[in-house]
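One letter stands for each residue in the lines below.
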Amino acid sequence: MKHILKILVNNHPGVMSHVSGLFTRRSYNIDSIAVGVTDNPEISSMVIVVKGDDSVVEQVKRQLLKLPDVIDVEDLAYHDCISRELVLVVVQCSDSNRTEIISICEVFQARIADLTKTTFTIEFSGNTRQVNHFIEMMQKYGIEEIARTGQIALRYRS
Amino acid sequence: MPKSEAKITGARLMVELLEEYGVDIVFGYPGGAILPFYDELYKSTKIKHILVRHEQGAIHMAEGYARSTGKLGVCIATSGPGATNLVTGLTDARLDSVPILAITGQVATNAIGTDAFQEADIYGITIPITKYNALIKSADDIARHFEEATLIALGGRPGPVLLDFPKDVQTELTNVRKSSKLKINPRHYQKPPISGDLDSFAAALNKAKRPLLYVGGGAINAHASKEIRELAEKGNIPVTTTLMGIGAFPGTHKLAVGMLGMHGTAYANKAVLECDYILNLGARFDDRVAKPGEFAENAIRAHIDIDTAEFNKRVSVDHILHGDLKEVLKVLIPKVEKVDRSPWLEYLDTIKKNHPLEFDDSSDSIKPQAFLQKLFEKSKGKAIVSTDVGQHQMWAAQYYLFDEANKWLTSGGLGTMGYGLPAAIGAKFGNPNSTVICVSGDGSIQMNIQELATIAMYKKGVKILIFNNNFLGMVRQWQELFYEERFSESEWNYNPDFVKLGEAYSIKGMRVATKSEVEKAIDFFLEGDEARILEVMIPAEEKVFPMIPAGKSQKDMIEFSDTLRTGKK
Ligand SMILES: Cc1ncc(C[n+]2csc(CCOP(=O)(O)OP(=O)(O)O)c2C)c(N)n1
């Protein structure tokens, strides 16, 4: 089962190693990790996606809360949060498939950020499923390079 | 200019903070990157610095001091190799929840990260083994870091903290002597509010016919001995302790069933198997005690702890109370009913009689168990005892009983050979009027034997008992039982002459090899307040029983009497 942990931490160096160290020590695989500062410049938000059963993730959560630099940990279930991931993909293109790629991008509402004679650099954001799907679509044209940010997430408001 | 605005160096400030905090003793070893701080220590009239022979010695001394006094233990090291020599001690303190403040020198801030001379990223290295650590980047931050570090070391579940102190920050001027705002959340140092359902907790306990208290090191950190005794006596509940919990409940009390776990008493382990309710007080279901899925499987399991991360970590429990153990017990005890549990207590008494701690004392050689019993008698159970790691540690845990907390100093979680001697020295500094005994083996003692010099230099009356079996005894025991007697690298055929070695440091010593010498030897050993070395020759094949093989449960316990049946001793 996948969990999205939203962790608020003090924004200073070293905190990232403290947090990620906790995961590596217990050999939990981090699917993705994204860090950014919040509206308060002293506090950063880390979103970590991990696989693990509930009791294991509960353990991690409690261990995280023991780190002095961790302010709060929230376990967001997939279904009750909005999550986004940004990806940049460099795709090979030729005269013959250029329009095809453009029209796929339109369907996905992906943005073409750059182009050369032989490549497109495409920017796409969505939830993980959409991002995976988009990448899959691009694969047949030949992906030269790819960069993903990892997921960020917020709880739905009611 | 008002005093608060006068600028002082970072090093001066650190010393003043330690003084204000009430630290009067620190254990350490100087070096280039910590010299400005040492220069200020030199001027201090309030702080006594104990010069050790190895930084590992310094941190274990700080641990022994902290454990035996309940205060913060402080140790100092220089950058690079000095700092890395603290790693074992920090890990040890982390696993046994000992409040330690380590201050390390660091190369100047502009050299950090350049592989400068004697640079080690001690901040990075110690992330997983400290409760908190920080690299002090500016002298203006010293006060805040100091306050945060000490609060965290002692708050909640205690542990080691490390402050890395670059040389230029030590000489930098500052007038920030008090932290204006702490960056850490108060939950890291304030006592947590009690949470959990007290009534159902108490109700389950009151209904139990065969309850058992399982007491860990957390009980000692929480100073909860009095409350535990009250709970046990009120409810007529027998008490077993972990290796770390020894002393939290009087070992000679009629409700005491001794230590449980791998080398626990047969009656404690049988009590675990047969109880219908087990209440964990500040223990952590360690793997030397509890096998998940099999530990007290027929019992309702309940747990009180200050660290929520311990709940359901290895063994799942039915009832949880979170909070400071002492506070929790204070509100729990009034809800606990006086119940007559004589059938259960009588039953345990019979097991005690039928399955005592035993060993074969028929030969002429000295048996360590008998020796420790005698030592217990002669020292009237009043000594502070530190141990190293191995068979001698387990025999001491089994045969030297403690009626008080903070008198048993042993490396439980990490099992650090080399802990015993420096821990005893630290304890003696903290308790100058107590008899302090280090129980060691011929292997362990050689891991920090250089600290004999510290004993000699400060004339500390530490009593050092070395059980010499010319083997790494505990390794040998495992090889005998589980590796068909292939004694791979566990036999020493060379030991120094420990008595002569003591003499080299002006420490009086004696070696004994036969039973008839034991009485006199112990008298010599305990006499006065001088350091002594007593080397006791014991048979190499002597083993620690009972034993639960690693990874097995209480059901698989091997007792001494079982070995008689198989003819293997
Ligand atoms: C630093 C360290 N290295 C290795 C071990 C593994 N170990 C555990 S017990 C033991 C043997 C200890 O021998 P000794 O100190 O002579 O005590 P005895 O068991 O003979 O009483 C060893 C090597 C350890 N616990 N610590």
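Residues numbered from 1 in each chain as written. Chains lettered and ligands numbered in written order. Predicted model: local features only at pLDDT ≥ 70, side-chain atom pairs only at ≥ 80, totals over all residues. Heavy atoms only, no water.

Enquirer: Is there a simple way to explain the interface of chain A and chain B in this structure?
Expert: Many descriptions give the size of an interface as the accessible area lost when the pieces come together. Facing 18 residues of chain A, the contacting portion of chain B comprises 20 residues. At the boundary of chain A with chain B, total buried surface from both sides reaches about 1,500 Å², with 47% on carbon and sulfur atoms. Inspection of the region where chain A meets chain B yields one salt bridge. Among the salt bridges present, the one from A:K66 reaches B:D307, with a minimum N-O distance of 2.5 Å. Inspection of the chain A/chain B interface yields eleven residue pairs in polar contact (both at pLDDT 80 or more). Those elements giving two or more residues to the side of chain A that touches chain B turn out to be α1 (15-25), α2 (54-65) and β4 (70-76) of chain A. Classifying every residue of the side of chain A that touches chain B by side-chain character gives seven nonpolar, six polar and five charged. (Contact = heavy atoms within 4.5 Å. Buried area = accessible area lost by both parts, 1.4 Å probe. Salt bridge = Lys/Arg side-chain N within 4 Å of Asp/Glu carboxyl O. Polar contact = N/O pair within 3.5 Å; in protein donor to acceptor, adjacent residues only side chain to side chain. Helix = DSSP H or I, 4+ residues; strand = E, 2+ residues; numbered from the N terminus. Nonpolar A, V, L, I, M, F, W, Y, C, P; charged D, E, K, R; others polar.)

Enquirer: Would you explain the domain arrangement of chain A in this entry?
Expert: All names here are of chain A. Split by domain assignment, chain A resolves into domain 1 (2-76) and domain 2 (82-155). Between the C-alpha centres of domain 1 and domain 2 the distance comes to 28 Å. Each partner contributes residues to the interface: domain 1 has ten residues there, and domain 2 has seven residues. Together domain 1 and domain 2 conceal approximately 670 Å² of surface at their shared face, both sides included; 59% is due to carbon and sulfur atoms. (Domains from an automatic or database assignment.)

Enquirer: How should I be thinking about the packing of α1(A) against α2(A) in this particular structure?
Expert: In a packed pair of helices, the relevant descriptors are the angle between the two axes and the axis-to-axis distance. All names here are of chain A. Across the interface, α1 lies against α2 with an axial gap of 11 Å and an inter-helix angle of 145°. The handedness of the crossing between α1 and α2 comes out as right-handed. Seen from α1, the contacting residues are V19, L22 and F23; seen from α2, they are V60, Q63 and L64. For the contact of α1 with α2, the residue count by class is five nonpolar, one polar and no charged. (Axes fitted to C-alpha atoms, helices over the stretch in contact; angles between N-to-C directions. Left-handed = near helix turned anticlockwise from the far one by under 90°.)

Enquirer: Got a minute to help me understand the UniProt feature "domain: ACT" (unreviewed entry) in chain A in this structure?
Expert: This chain's UniProt record puts "domain: ACT" (unreviewed entry) on residues 4-78 of chain A. Helix makes up 31% of residues 4-78 of chain A and strand makes up 41%, while its end C-alpha atoms are separated by 7 Å. (UniProt positions renumbered as here; feature names shortened; annotations may be inferred.)

Enquirer: In this structure, what is going on with the side chain of B:E40? I would like to understand it.
Expert: Residues and elements named next belong to chain B. Within the secondary structure, E40 sits in helix α2 (residues 35-43). Among the polar contacts listed, one links the side chain of E40 to the side chain of R12, at a separation of 2.8 Å. Ignoring anything within four residues of it in the chain, the contact list for E40 reads T9, A11, R12 and V15.

Enquirer: Looking at this structure, I do not really get the sheet that holds strand β2 (residues 30-37) of chain A. What am I missing?
Expert: Hydrogen bonding along the main chain pairs the strands of a sheet, whether they run parallel or antiparallel. Residue and element names in this part refer to chain A. Strands sit in the order β2-β3-β1-β4 across an open sheet of four strands; the sheet is antiparallel. Edge strands, defined here as strands with exactly one partner in the open sheet, are β2 and β4. For this sheet, the mean angle separating the axes of adjacent strands, direction not counted, is 15°. Note that strand β1 (residues 2-10) and strand β3 (residues 43-51) share nine bridges and pair antiparallel. Residue pairing across strands places H3 opposite V50, the latter belonging to β3. Strands β1 and β4 of the sheet are contacted by α2, whose axis makes an angle of about 165° with β4. (Pairing = 2+ DSSP bridges.)

Enquirer: Honestly, the packing of aromatic side chains in this entry has me stumped. Any pointers?
Expert: Aromatic rings considered in pairs are described by the distance between their centres and by the relative angle of their planes. For the structure shown, the criterion picks out 21 aromatic pairs over all chains. Centre to centre, the rings of A:F108 and A:F124 are 5.7 Å apart; their planes meet at 85°, and the pair counts as edge-to-face. On the criterion of sequence distance, the pair formed by A:F108 in helix α3 (residues 98-108) and A:F124 in strand β7 (residues 119-126) is long-range, its members being 16 residues apart. Consider the rings of B:F359 and B:Y399, whose centres lie 5.8 Å apart with planes at 80°: the pair is edge-to-face. Linking B:F359 in the loop between α14 (342-354) and α15 (368-378) with B:Y399 in helix α16 (residues 391-399), this pair joins segments that are 40 residues apart in sequence. Three or more aromatic residues joined by ring pairs form one cluster here, namely B:F27, B:Y65, B:F429 and B:Y458. Cation over ring: B:R476 sits above B:F471, and NZ or CZ is 4.7 Å from the ring centre. Positioned above the aromatic ring of B:F524, the side-chain terminus of B:R532 is 4.5 Å from the ring centre. (Phe/Tyr/Trp six-rings, centres within 6.5 Å; stacked < 30°, edge-to-face > 60°. Lys NZ or Arg CZ within 6 Å of the ring centre and 35° of its normal.)

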